[in-house]
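Per-entry structural report
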Amino acid sequence: MPYGDPMNARVRSEERRAEIVRAALEVIAERGYRGASLAAVAERVGLTQQGLLHHFPTKEALLVAVLKERDQWDAVPDTQWRIDLLTSLVEYNAMRPGIIQTFSALLGESVTDGHPARAYFTERYAQVRASMAAVLRAEYGDRLPNGLTPERTAPLLVAVMDGLQYQWLLDPESVDMPGAFRDFLRLLGENPENPENPA
């Protein structure tokens, strides 16, 4: 194919966008979203800021691309989520601290008024809670052994997953994130009348 072929140009553009997103992940992990500048991302990939703006016209557009990229790594159709896959996801997350650090930094910042990721995280958490409720219903039915419904338990499950990530990032030597998550799942499945026998 000739060098000027549109297909080649599109492939090169997609590769460059992916490179920029990876660099943005690193910069956000190091400095947080508010401290991350387009100039810093551009420098990391050997572009001018104007060159970066050709691919992402605003900092917000780059942030959305970073968040979507992160979600792609965890993508599993809702119908395929199971309790054991959640444990595997936590184990997988423990192998990629940089990604978890970026996600956690953005999540923490997003609670402030006017943050460009606030709507994204609000919608994402609504979807995640619904998915977790479906996982719990498939595993336990309409009531867990502790008497709570899947809908009441789903926010607790999500809170444990994300809360463990923060503790693990701060002190990975002391916090066994996958082990603690497995312990929590055992709590969910225990029969409160006979805690020695999991339901």
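Residues numbered from 1 in each chain as written. Predicted model: local features only at pLDDT ≥ 70, side-chain atom pairs only at ≥ 80, totals over all residues. Heavy atoms only, no water.

**Description of the overall build of the chain**
Applied cut-off: Starting at the N terminus, helices and strands are each numbered in turn, a helix being any DSSP run of H or I of at least four residues and a strand any DSSP run of E of at least two. Exposure categories follow from relative accessible area, calculated using a 1.4 Å probe and restricted to protein chains: below 20% of the type maximum is buried, above 50% is exposed, and the middle band is partly exposed. Whether two residues are in contact is decided by their heavy atoms: any pair within 4.5 Å suffices. Using the Shrake-Rupley algorithm and a 1.4 Å probe, accessible areas are obtained, with residue cover drawn only from the displayed protein chains.
Counting its secondary structure elements, the chain contains nine helices and two strands. Scanning the chain from its N terminus toward the C terminus, one meets helices and strands in the order α-α-α-α-α-α-α-α-α-β-β. The 199 residues of the chain split such that 38% are buried. Here the contacts in the chain between residues at least 6 apart in sequence split such that 60% fall between residues at least 24 apart. Here the chain has roughly 11300 Å² of accessible surface; of this, 54% comes from carbon and sulfur atoms.

**Some words on the packing of aromatic side chains**
What counts, and what does not: Two rings belonging to Phe, Tyr or Trp (six-membered ring only in the last case) form a pair when the distance between their centres is within 6.5 Å. Interplanar angles under 30 degrees mark stacking, angles over 60 mark edge-to-face geometry, and anything in between is tilted.
All told, the structure shown has two aromatic pairs when counted by the stated rule. Look at Phe 103 and Phe 121: their rings are 5.5 Å apart centre to centre, the planes differ by 70°, and that puts the pair in the edge-to-face class. With Phe 103 in helix H6 (residues 97-110) and Phe 121 in helix H7 (residues 118-140), the pair connects residues that are 18 residues apart, well separated along the chain. With respect to class, Phe 103 is no different from Phe 121; both count as buried.

**Thoughts on the environment of Pro 150**
Mapping Pro 150 onto the fold places it in helix H8 (residues 150-170). Separated by 20 residues in the primary sequence, Pro 150 and Ala 130 have C-alpha atoms spaced 9.2 Å apart.

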